[in-house]
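# Structural overview for review
What follows is the residue order along each chain.
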Amino acid sequence: MQQCLGRTEGLRMAKSSCFRAAAPKRVAAGLRSSRRTCNIVAMAVATKTVKIGTRGSPLALAQAYLTRDLLKKSFPELAEEGALEIVIIKTTGDKILNQPLADIGGKGLFTKEIDDALLSGKIDIAVHSMKDVPTYLPEGTILPCNLPREDVRDVFISPVAKDLSELPAGAVVGSASLRRQAQILAKYPHLKVENFRGNVQTRLRKLNEGACSATLLALAGLKRLDMTEHITKTLSIEEMLPAVSQGAIGIACRTDDDPSRKLLAALNHEETRLAVVCERAFLMALDGSCRTPIAGYAHKGADGQLHFSGLVATPDGTQMMRTSRVAGFNEADAVKAGDEAGKELKATGPKELFMY
């Protein structure tokens, strides 16, 4: 009982009539009941503290603080001291920085430990950068909320050039993203792209120390960190198609946690969610590995329709296929558009595109 009760302050209260009245046999029976029963009891004497799980990088914390502030604004009772707590969770992806993500297991490395904490009840909601979230969520979790999306574009940062086109032959662009690598090399095959991992601050420090001539970062992250002064040039969507879900924050909770689901429903930005749903359907249909360069971007156009563009390429950029869709701006059409676009590329593209 202690493990179940320890999840809320209310359940630790010895004076709770819910437990004073329980006979030993009834308590034993309660211990054998389902987790859902435990959750129902917990809800009846729920703690005021909502625990927000996040990675510990400056960007991840900025996103967690944004979530906290939005919860306070939407629910005045959560503005009280102690009502919200941010819990930092170090993931495997944060610990291993000297290898490409593809070599150590891919995107799930940034979410697994957070998912485990969510399922165990150590946290109530989990804040993620959506482009780090695998297309398949762990059983028992749901991701019902996306915050309003930031600018999806990438930026070019360099102390020696104003644009990729100005870099000389053999110049090194630091990036851990195969998507960026493929699109850079497709246009500028004379450049070199080398693995370049770490948080935003670490990458900028390495750049200034001369580890490479330039790097590309997501504009969304720089804006959330208030570090846009480092930008040399903002790249257009046509120059650099974004990663699936780039610029989007997703918030997950347990499937059976109704109180958390209600909180997240109030924060959800439906326009962002539908765009992300389309992009993730594209990624799922392609079934590409973390070694496959894939890009996809959906948005609501001026005509009110959903507009989607996607691509898949070889890491060296020598082969690249693109597709696009226009669909109704609703969940069913968004999923269908992304799914059909992915299946089209997988069916018509050369097998080499999916061997990585």
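Structure: see above.
Below is a short write-up of the structure.

What counts as what
Residues numbered from 1 in each chain as written. Predicted model: local features only at pLDDT ≥ 70, side-chain atom pairs only at ≥ 80, totals over all residues. Heavy atoms only, no water. Pairing = 2+ DSSP bridges. Helix = DSSP H or I, 4+ residues; strand = E, 2+ residues; numbered from the N terminus. Right-handed = clockwise from strand over helix to strand, strands pointing away. Contact = heavy atoms within 4.5 Å. Axes fitted to C-alpha atoms, helices over the stretch in contact; angles between N-to-C directions. Salt bridge = Lys/Arg side-chain N within 4 Å of Asp/Glu carboxyl O. Buried < 20%, exposed > 50% of the residue type's maximum accessible area, 1.4 Å probe, protein only. Arc of directions from axis to C-beta. Parallel < 35°, antiparallel > 145°, perpendicular 65-115°, else oblique. Left-handed = near helix turned anticlockwise from the far one by under 90°. Nonpolar A, V, L, I, M, F, W, Y, C, P; charged D, E, K, R; others polar. Phe/Tyr/Trp six-rings, centres within 6.5 Å; stacked < 30°, edge-to-face > 60°. Lys NZ or Arg CZ within 6 Å of the ring centre and 35° of its normal. Core = buried A, V, L, I, M, F, W, Y, C linked by side-chain atoms within 4.5 Å.

## Section: the pairing of strand 2 (residues 84-88)
The pairing of strand 1 (residues 50-54) with strand 2 spans five bridges and is parallel. Counted as the bridge partner of threonine 54 is isoleucine 88 from strand 2. In this fold, the crossover linking strand 1 to strand 2 by way of helix 5 (residues 58-74) has right-handed handedness.

## Brief notes about the sheet that holds strand 6 (residues 172-174)
Sheet strands line up and pair through hydrogen bonds in the backbone, either parallel or antiparallel. Read from one edge to the other, the open sheet built from five strands follows the order 7-6-8-5-9, with strand pairing classed as mixed. Every interior strand has two partners, whereas the edge strands, strand 7 (192-194) and strand 9 (233-234), have only one. The pairing of strand 6 with strand 8 (residues 214-218) spans two bridges and is parallel. When the sheet's bridge partners are listed, glycine 174 is paired in strand 8 with threonine 215. The strands touched by helix 9 (residues 178-187) are strand 5 (154-157), strand 6, strand 7 and strand 8; relative to strand 8, the strand with the most contacts, the crossing angle is about 130°. Its contacts with the sheet place helix 10 (residues 200-208) against strand 5 and strand 8, and it is angled at close to 165° to strand 8.

## Some remarks on the pattern of salt bridges
Across all of its chains, the model carries 17 salt bridges by this definition. Aspartate 116 is the partner of lysine 112 in a salt bridge, and the nearest nitrogen-oxygen pair spans 3.0 Å. Residue lysine 112 and its partner aspartate 116 are located together in helix 8 (residues 112-120), separated by four residues, close to a single helical turn. Ionic contacts of the salt-bridge type, sharing partners, join the residues Asp124, Arg254 and Asp257 into one network.

## Re helix 8
For helix 8, the full list of buried residues reads Ile114, Asp115, Ala117 and Leu118. Each buried residue of helix 8 sits inside an arc of 160° when the element is viewed along its axis, so together they form one side. Considering only its buried residues, helix 8 is in contact with strand 1, strand 3 (125-129), strand 4 (141-146) and strand 10 (249-254). Backbone geometry just after helix 8 places glycine 121 at a positive phi near 90°.

## As for the packing of helix 13 (residues 270-286) against helix 14 (residues 331-348)
Look at helix 13 against helix 14: their axes get within 7 Å of each other, and the N-to-C directions meet at 30°. Relative to helix 14, helix 13 is oriented roughly parallel. When you trace helix 13 past helix 14, the crossing you get is right-handed. Across from Arg273, Leu274, Val277, Cys278, Ala281, Phe282, Ala285 and Leu286 in helix 13, the residues of helix 14 making contact are Glu331, Ala334, Val335, Ala337, Gly338, Asp339, Ala341, Gly342, Lys343, Leu345 and Lys346. A class-by-class count of the residues in the contact of helix 13 with helix 14 yields twelve nonpolar, two polar and five charged.

## As for the packing of aromatic side chains
Scanning the entire structure with this criterion turns up one aromatic pair. Directly above the ring of phenylalanine 196 sits lysine 206, whose terminal nitrogen or CZ lies 5.7 Å from the centroid.

## A few points about the environment of threonine 135
Residue position: threonine 135 is located in the loop between strand 3 and strand 4. Considering only alpha carbons, one finds threonine 135 and arginine 280, 145 residues apart in sequence, at a separation of 6.4 Å.

## Brief notes about the nonpolar core
Generally speaking, soluble globular proteins have nonpolar side chains that are buried together. In terms of nonpolar packing, the biggest core is built from 19 residues, with Cys278, Phe282, Ile294, Ala298, Leu306 and Phe308 touching the most fellow members. Those elements that provide at least two residues to this core are helix 13, strand 11 (294-300), strand 12 (306-313) and helix 14. Counting residues per element, this core draws most heavily on helix 13, which supplies six residues. Residues Leu78, Leu84, Val127 and Cys253 belong to the second largest nonpolar core, which totals 17 residues.

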